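Summary of the model geometry
As a plain string of letters, each chain reads:
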Amino acid sequence: IVAYEFLKENLSLSSKCLSIILANTPCNMETSLKESSRLKEEMREEIFLESRDADDQGSDKCIMERLRKRNECRTDTVPSPLACAIENRGTIFSGPEAVSDYIAVPS
């Protein structure tokens, strides 16, 4: 989001950005958050059906771990560079609440 907005606001009329690839970046945060909630609920139901007697299996931590492995980073553990980037991210636009109403609009 930051890269897109920077390019949109800082390119002069005489120069053009020929392309930009924003991988894993939603253009509509409201839709993204709704989909994320749907996937979390789907995981919760899936875990419940798999193991009805395991108390911790439906915990938020377990759900988020399964969601991460299936939809974000398909490794057993978070790779060190990604973990470092997450730990050292800024605080101004941190968390989905900070940009929950963002919708990318071409200039």
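Figured I'd write up the structure that's included with this text. (Residues numbered from 1 in each chain as written. Predicted model: local features only at pLDDT ≥ 70, side-chain atom pairs only at ≥ 80, totals over all residues. Heavy atoms only, no water.)

Counting its secondary structure elements, the chain contains four helices and zero strands. The secondary structure elements of the chain, listed N-terminal to C-terminal, are α-α-α-α. The buried share among the 107 residues of the chain stands at 12%. Taking the contacts inside the chain whose residues are at least 6 apart along the sequence as the reference set, 49% of them involve residues at least 24 apart. For the chain, the exposed area adds up to about 8,700 Å²; of that, 56% sits on carbon and sulfur atoms. (Helix = DSSP H or I, 4+ residues; strand = E, 2+ residues; numbered from the N terminus. Buried < 20%, exposed > 50% of the residue type's maximum accessible area, 1.4 Å probe, protein only. Contact = heavy atoms within 4.5 Å. Areas by Shrake-Rupley, 256 points an atom, 1.4 Å probe, with all protein chains shown as cover.)

Moving on to the packing of helix 2 (residues 29–50) against helix 3 (residues 60–72). Between helix 2 and helix 3, the least distance of the axes is 9 Å, while the angle of their chain directions is 110°. What the angle tells us is that helix 2 and helix 3 run roughly perpendicular. In this structure, helix 2 meets helix 3 at a crossing whose hand is right-handed. Taken together, the residues of helix 3 that come into contact with helix 2 (itself represented by Leu39, Lys40, Met43, Arg44, Glu46, Ile47 and Glu50) are Asp60, Cys62, Ile63, Met64, Arg66, Leu67, Arg70 and Asn71. Per-class residue counts for the contact of helix 2 with helix 3 are seven nonpolar, one polar and seven charged. (Axes fitted to C-alpha atoms, helices over the stretch in contact; angles between N-to-C directions. Parallel < 35°, antiparallel > 145°, perpendicular 65-115°, else oblique. Left-handed = near helix turned anticlockwise from the far one by under 90°. Nonpolar A, V, L, I, M, F, W, Y, C, P; charged D, E, K, R; others polar.)

Okay, helix 3 next. What helix 3 keeps buried is the set Cys62, Ile63, Leu67 and Arg68. Those residues of helix 3 hidden inside the fold are in contact with helix 2.

The next point concerns the nonpolar core. With six residues, the main nonpolar core is built from Leu39, Met43, Ile47, Cys62, Ile63 and Leu67. When sequence neighbours within four positions are dropped, the list of residues in contact with Met43 reads Ile63, Arg66, Leu67, Arg70 and Asn71. (Core = buried A, V, L, I, M, F, W, Y, C linked by side-chain atoms within 4.5 Å.)

With the rule as written, the count across this model stands at ten salt bridges. The closest approach of N and O atoms between Glu41 and Arg44, which form a salt bridge, is 3.6 Å. Of the two residues, Glu41 and Arg44 are both situated in helix 2; the distance of three residues between them amounts to about one turn of the helix. The partly exposed category is assigned to Glu41, whose relative accessible area is 38%. (Salt bridge = Lys/Arg side-chain N within 4 Å of Asp/Glu carboxyl O.)

Attention now moves to the side chain of Arg68. By secondary structure assignment, the location of Arg68 is in helix 3. A relative accessible area of 9% means that Arg68 is categorised as buried. Residues within four places of Arg68 in sequence aside, it is in contact with Cys73, Arg74, Thr75, Asp76, Thr77 and Val78.

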